[in-house]
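Chain and residue survey
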Amino acid sequence: MPTSTVEDYLKCIYLEQERGAGQRVSTGKLASALGVAPGTVTAMMKTLTESGLVTYEPYAGVLLSDAGMRLATRVLRRHRLIELFLVEVMGMDWSEVHAEAEVLEHAVSDRLLERIDRMLDRPSVDPHGDPIPTDCGAVDRVDHPNLLACPLNAKLRIARVTDQRSDFLRLLERHGLMPGRYATVESRDELAETVHLRPADGEPLRLGFHAASRILVETA
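None of these values were measured; they are calculated from a predicted model.

1. Some words on the overall build of the protein chain
- Summing up its helical and strand segments, the protein chain has eight helices and seven strands in all.
- Taking 2.2 N^0.38 as the reference for a compact globule, 220 residues should give roughly 17 Å; the C-alpha atoms of the protein chain span a radius of gyration of 18 Å, in line with that estimate.
- Based on the C-alpha atoms only, the size of the protein chain along its principal axes is roughly 55 × 45 × 25 Å.
- Counting across all 220 residues of the protein chain, residues that qualify as buried make up 44%.
- Split by element, the accessible area of the protein chain, about 11,600 Å² in all, is 51% carbon and sulfur.
- On the protein chain, the mean spot of the 26 positive side-chain charges and the mean spot of the 33 negative ones are 2 Å from each other.

2. Section: a nonpolar patch on the surface
- A contiguous nonpolar surface patch, about 310 Å² in accessible area, is contributed by Val89, Met90 and Met119.
- Following the sequence through the fold, valine 89 ends up in the loop between helix 4 (66–88) and helix 5 (97–104).
- Accessibility expressed as a relative area gives 40% for valine 89, which makes it partly exposed.

3. Remarks on the packing of aromatic side chains
- This model, assessed by the stated rule, comprises zero aromatic pairs.
- Over the face of the ring belonging to tyrosine 182 we find lysine 155, whose NZ or CZ atom lies 4.6 Å from the ring centre.

4. Observations concerning the pairing of strand 5 (residues 194–199)
- Summarising burial for strand 5: five of the six residues are buried, a large majority.
- Two successive antiparallel strands, strand 4 (residues 182–189) and strand 5, enclose a turn made up of four residues, where glutamate 193 displays a positive phi of approximately 55°.

5. A closer look at the packing of helix 2 (residues 27–34) against helix 3 (residues 38–50)
- The N-to-C vectors of helix 2 and helix 3 enclose an angle of 110°; their axes lie 8 Å apart at closest approach. Comparing the axis directions of helix 2 and helix 3 gives the class roughly perpendicular. Of the two possible hands of crossing, helix 2 and helix 3 adopt the one that is right-handed. For the pair helix 2 and helix 3, contact is made by Thr27, Leu30 and Ala31 and by Pro38, Val41, Thr42 and Met45, respectively.
- For the contact of helix 2 with helix 3, a count of residues per class yields five nonpolar, two polar and no charged.

Cut-offs used in this document
Every chain is numbered on its own, with residues counted from 1 as its sequence reads. The model is predicted, so local features are restricted to residues of pLDDT at least 70 and side-chain atom pairs to those at 80 or more, both for listing and for counting; the totals for chains, interfaces and linings are taken over all residues. Side-chain measures here rest on the full set of heavy atoms in the structure, leaving out hydrogens and waters. Numbering of helices and strands starts at the N terminus; helices are DSSP runs of H or I of at least 4 residues and strands are runs of E of at least 2. The globule rule used here is 2.2 Å times the number of residues to the 0.38 power, and the radius of gyration it is set against is calculated over C-alpha atoms. Note on exposure labels: buried denotes an accessible area under 20% of the residue type's maximum, exposed denotes more than 50%, and partly exposed covers the range between, all computed with a 1.4 Å probe on protein chains only. Throughout, the Shrake-Rupley method with a 1.4 Å probe supplies accessible areas, and for residues the shown protein chains are the sole cover considered. Charged residues are defined narrowly, with Lys and Arg counted positive, Asp and Glu counted negative, and His plus the chain ends left uncounted. Charged side chains are reduced to one point each, which is NZ for Lys, CZ for Arg, CG for Asp and CD for Glu. Patch members must show over 30% relative accessible area and no salt bridge, and they are joined within 9 Å when carrying like charges or within 5 Å when they are nonpolar side chains of Val, Leu, Ile, Met, Phe, Trp or Tyr. By salt bridge we mean one thing: a side-chain nitrogen of Lys or Arg within 4 Å of a carboxyl oxygen of Asp or Glu. Note on ring pairs: Phe, Tyr and Trp rings are taken, using the six-membered ring of Trp, and paired if centres are within 6.5 Å. Classes follow the plane angle, with under 30 degrees stacked, over 60 edge-to-face and the rest tilted. A ring has a charge above it when a Lys NZ or an Arg CZ is no more than 6 Å from the ring centre and no more than 35 degrees off the ring normal. One bridge is not enough; two strands pair if DSSP finds at least two bridges between them. Note on method: axes are straight lines fitted to C-alpha atoms, helices fitted across the in-contact stretch only, with angles between N-to-C directions ranging 0 to 180 degrees. The labels follow the angle: roughly parallel below 35 degrees, roughly antiparallel above 145, roughly perpendicular from 65 to 115, and oblique for the rest. Each crossing is labelled by how the near helix is turned from the far one, with a counterclockwise turn of less than a right angle marking it left-handed and a clockwise turn marking it right-handed. For this analysis, residues touch if any pair of their heavy atoms sits within 4.5 Å. By the convention adopted, Pro, Cys, Tyr, Trp, Phe, Met, Ile, Leu, Val and Ala count as nonpolar, Lys, Arg, Asp and Glu as charged, and the other residues, Gly among them, as polar.

Function-wise, these values are silent; they only describe arrangement.
Below, the structure is given as structure tokens:
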């Protein structure tokens, strides 16, 4: 069985590959995401390569192998189902479940996870709109535009929030910008790098381009 550290690395590689459209992930990016020294990442890449979980090329980066991909999606499935369980059943706020799921994802058994999945009626997304892999490892990838690329003055449904920092999620909740809610992008200021947004259930606000890029939407 993989250790929790191995699972953390595989999940991190998977998420960085997803953000990079399947490209190799640099050790520097992994070190930053995991909060460890680059040398520590390099040592782990050698271990994961020997285990057949990744393909690693110095100075080029790392990719998950088929076996690594299967393990990574299993960890991600546990993480996202736990997040939803903590929100829907335990009544926790969506801004605080990520840290809890980071711990519990390594401890929950497949039997318990199946019970959670059935209790939640086989959900497809977690509280942040992230897709939940199936028990076979399939992931439903939908290419939603973010607030920088969506149409102006159209009714939009918030589909996914990719930044799960607690303070950012609380900001979105205060303004009614959680997944399933609606909003309209009224304008974008390229010089100021801001988006003028009117939530259906909140007051108008301006978001910087960086924050706006973390909110994915679909036309309602």
